[in-house]
Amino acid sequence: MSKKDQFKRFGKKSSTKQLKEKSNNAVIYTRVSSQGQVDNYSLQAQYNNCKAFAEGNDLIVSKLFGATHESAKTDNRNEFDKMLSFVKDPKNEISYIIVADIDRFSRTGDSAISIQDELSKIGVMICAAIDGTIKLGTSDETFKSIKMVLAKAENDTRTRKCREGTISRLKDGYWLGSVPKGYEKEDKKIEE
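Residues numbered from 1 in each chain as written. Predicted model: local features only at pLDDT ≥ 70, side-chain atom pairs only at ≥ 80, totals over all residues. Heavy atoms only, no water.

Check the secondary structure of the chain and you find seven helices and six strands. Written out in order from the N terminus, the α and β elements of the chain read α-β-α-α-β-α-β-α-α-β-α-β-β. Across the 192 residues that make up the chain, the buried fraction comes to 32%. Pairs at least 24 residues apart make up 72% of the contacts formed inside the chain by residues separated by at least 6 positions. As displayed, the chain offers around 12400 Å² of accessible surface, 51% of which is attributable to carbon and sulfur atoms. (Helix = DSSP H or I, 4+ residues; strand = E, 2+ residues; numbered from the N terminus. Buried < 20%, exposed > 50% of the residue type's maximum accessible area, 1.4 Å probe, protein only. Contact = heavy atoms within 4.5 Å. Areas by Shrake-Rupley, 256 points an atom, 1.4 Å probe, with all protein chains shown as cover.)

Here is the structure:
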C-alpha cells in the first residue's frame, strides 16, 4: 500500500468534481467590446493568434466561441456562458480555453479569478496565446489572476476618465450624441 493510500482515510471527501485526465482538446474564445472592433479585423487577429498557439502546443480545437462584440465588464455574456457550459460538460473532454490575452477572457477581476479557480478544479486551464506556450505551475496561475485584476482596474480607470470627460463637455455646453428635441447644433455647442 502506498503512503498516499494510507493517508486517504484521514482526508475529507471532496464535494467538487474529480479532476479529469488532461486531453489535448481546446476551445478558442474571442471577444471585442464594440462593432467597430469587429469591422477592423480585431476578431480575426485574435483567432489567428489563438489558432497558432493551438498548433504550436499540439492542441485540438474542438470549437470556436465568441467572435462577437460583448463587453467583458460582466461575466453574464451569451457566448461566454455557452463556452463555459461546453467546457464544463465532461463528455466534451476540454482541457484548455485559448484566448488572445487574459483580458479577452474577462475584465471582472475577482469574479474572473473565481471562474478560473472553478475551471482549474475540473482540469480546465485558461491559456493566453500571447504567452506562446502552455505555462503550468502555481506562479503562472497567480500571475493570470493578477492580470485579471489589472484588466478590471484598467476598465474602471477608463470608465472614470470617460465619465469625467463627458461631464466636463456637458458643463461647457457641448452635447454628445444627437441634439435633443427643441435645440440646434451651432459650432458644436448647444443653443436654445
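There is more to say after this.
With that out of the way, let us pick up the confidence of the model for the chain. For residues with low pLDDT, the predicted coordinates do not support detailed interpretation. Averaged over all residues, the pLDDT of the chain equals 77, while 66% of them reach at least 70. Between residues 15-19, whose pLDDT stays under 50, and residues either more than four places distant or in other chains, the model counts eight contacts. (pLDDT = per-residue confidence, 0-100.)

Here we come to the state of the cysteines. Here the structure, examined in full by the defined rule, presents zero disulfides. The thiol sulfur of Cys50 is not disulfide-bonded, and the nearest other cysteine sulfur, from Cys127, lies at 10.0 Å. Judged by its relative accessible area of 4%, Cys127 is buried. (Disulfide = S-S within 2.5 Å.)

Mapped onto the fold, Phe105 is located in helix α5 (residues 102-105). Residue class for Phe105 comes out buried when judged on its relative accessible area of 0%.

This paragraph deals with the packing of helix α4 (residues 78-88) against helix α6 (residues 110-121). One can describe the packing of α4 onto α6 by two numbers: an axis separation of 11 Å at closest approach and a directional angle of 20°. On the basis of the axis angle, α4 is roughly parallel to α6. In this structure, the crossing between α4 and α6 has a hand that is left-handed. Between α4, through Phe80, Leu84, Val87 and Lys88, and α6, the contact on the second element is made entirely by Ile115, Glu118 and Leu119. (Axes fitted to C-alpha atoms, helices over the stretch in contact; angles between N-to-C directions. Parallel < 35°, antiparallel > 145°, perpendicular 65-115°, else oblique. Left-handed = near helix turned anticlockwise from the far one by under 90°.)

With respect to the helices and strands, the residue Ala52 is situated in helix α3 (residues 42-56). On the basis of relative accessible area, Ala52 is assigned to the partly exposed category, the value being 46%. Distance from Ala52 to Ala129, taken between C-alpha atoms, is 7.9 Å for residues 77 residues apart in sequence.

Even without being glycine, Asp58 reaches a positive phi, approximately 55°. Along the chain, the position of Asp58 falls in the loop between α3 and β2 (60-69). Positive phi, close to 50°, is recorded for Glu93, a residue that is not glycine. Residue position: Glu93 is located in the loop between α4 and β3 (96-99).

This part is about the pattern of salt bridges. With the rule as written, the count across this model stands at three salt bridges. Linking Lys82 and Glu79 is a salt bridge whose minimum nitrogen-to-oxygen distance equals 3.3 Å. Here Lys82 and its partner Glu79 are both found in helix α4, three residues apart, which amounts to about one turn of the helix. Lys91 is paired through a salt bridge with Asp89; the nearest N and O atoms lie 3.8 Å apart. Taking relative accessible area as the criterion, Lys91 reaches 66% and is therefore assigned exposed. (Salt bridge = Lys/Arg side-chain N within 4 Å of Asp/Glu carboxyl O.)

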